[in-house]
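Observations on the three-dimensional arrangement
The primary structure of each chain is shown beneath.
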Amino acid sequence: MAIGMDGQEAMGEAPSADAIEAHARSVIARLPAAFRAHLGDIVLAVEEYADDETLAAMGIEHPLDLTGLYHGRPLGEKSSLDSGILPDRIFLYRQAILAEWCETGVRLDDLVTHVTIHEIGHHFGLSDDDMHALEDAVAD
């Protein structure tokens, strides 16, 4: 039995990367239109762990300490001269998310929502308070 994204089941298999990605995409789909309109070509990827290079660049020693990462330039720092660069990317790290879920008891869907909104917030250059308000806006 697979664990649903509501995170309430106590037994079973952990959700797949595809299930986590599907939930993250549903979060993005529930964003206010003004935000969705500016996400453009952002790439969303769910990986098992951050790679060693990413961890080193972030000064993080253990891969379970990084649940998500925005890689790109915040919207307010972009220029029309930014041509030929890779699209902005949001990474969600499945194993770190699952570890935090187990450690904290936070509902898995709430945790994935939080990490997704946090990384989107970096794209917009939002403050933590703004990210919390955006998270409240997409709540079921």
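Quick look at the structure, then. Note that the coordinates shown come from a computational prediction; the quantities given were computed from them, not determined experimentally.

As for the sheet that holds strand 1 (residues 43–47)
- Spatial strand order, 1-3-2: 3 strands in an open sheet with mixed pairing. The outermost strands of the open sheet, each flanked by one partner alone, are strand 1 and strand 2 (68–71). Averaged over all adjacent pairs, the angle separating strand axes in this sheet is 15°, with direction ignored.
- Here 5 bridges tie strand 1 to strand 3 (residues 89–93), and the two strands are oriented parallel to one another. Residue pairing in the sheet places Ala45 in a bridge with Phe91 of strand 3.
- Strands strand 1 and strand 3 of the sheet are contacted by helix 1 (residues 17–29), whose axis makes an angle of about 150° with strand 1.

Quick look at the packing of aromatic side chains
- Tallied over the full model, the rule gives 2 aromatic pairs.
- Their ring planes at 85° and their centres at 5.0 Å tell us that Phe35 and Phe124 sit as a pair that is edge-to-face. Residue Phe35 is located in helix 2 (residues 33–36), and its partner Phe124 is located in helix 5 (residues 108–124); the two are separated by 89 residues in the primary sequence.
- With relative accessibility at 17%, the residue Phe124 sits in the buried group.
- Here Phe91 and Tyr93 contribute two aromatic rings whose centre-to-centre distance is 6.2 Å and whose plane-to-plane angle is 5°, an arrangement assigned as stacked.
- Taking relative accessible area as the criterion, Tyr93 reaches 2% and is therefore assigned buried.

Overview of the environment of Leu69
- Inspection of the secondary structure puts Leu69 in strand 2.
- Classification of Leu69 by relative accessible area gives buried; the value is 12%.
- Expressed as a C-alpha distance, the spacing of Leu69 and Met58, which sit 11 residues apart in the sequence, is 9.9 Å.
- Not counting the four nearest positions on each side in its chain, Leu69 is found in contact with Thr54, Met58, Arg89, Ile90, Phe91, Tyr93 and Glu119.

Description of helix 5
- Between the first and last C-alpha of helix 5 there are 24 Å, a value that for 17 residues agrees with the 24 Å anticipated at 1.5 Å per step.
- A large share of helix 5 lies buried, amounting to 13 of its 17 residues.
- Of the residues one or two after helix 5, Gly125 is the one with positive phi, at around 70°.

As for a negative patch on the surface
- A grouping of Glu47, Asp51, Asp52 and Glu53 is seen on the molecular surface, where their side chains present a negatively charged patch.
- The residue Glu47 is located in strand 1 in this model.
- Residue Glu47 is classed as partly exposed on the basis of its relative accessible area of 32%.

Observations regarding the nonpolar core
- Membership of the largest hydrophobic core comes to 25 residues, with the highest contact counts inside it found for Leu31, Leu92 and Ile120.
- Sorting elements by how many residues they give to this core places helix 5 first, with 7 residues.
- For Leu31, the residues in contact, after removing those within four places along its chain, are Arg36, Leu39, Ile117, Ile120, Leu134 and Val138.
- In this structure, Ile60, Leu66, Leu69 and Ala96 belong to the second largest nonpolar core, which totals 8 residues.

Procedures and definitions
Residues numbered from 1 in each chain as written. Predicted model: local features only at pLDDT ≥ 70, side-chain atom pairs only at ≥ 80, totals over all residues. Heavy atoms only, no water. Pairing = 2+ DSSP bridges. Helix = DSSP H or I, 4+ residues; strand = E, 2+ residues; numbered from the N terminus. Axes fitted to C-alpha atoms, helices over the stretch in contact; angles between N-to-C directions. Contact = heavy atoms within 4.5 Å. Phe/Tyr/Trp six-rings, centres within 6.5 Å; stacked < 30°, edge-to-face > 60°. Buried < 20%, exposed > 50% of the residue type's maximum accessible area, 1.4 Å probe, protein only. Expected span 1.5 Å × (residues − 1). Patch = residues over 30% accessible without salt bridge, like charges linked within 9 Å, V, L, I, M, F, W, Y side chains within 5 Å. Areas by Shrake-Rupley, 256 points an atom, 1.4 Å probe, with all protein chains shown as cover. Salt bridge = Lys/Arg side-chain N within 4 Å of Asp/Glu carboxyl O. Lys, Arg positive; Asp, Glu negative; His and termini not counted. Charge placed at Lys NZ, Arg CZ, Asp CG, Glu CD. Core = buried A, V, L, I, M, F, W, Y, C linked by side-chain atoms within 4.5 Å.

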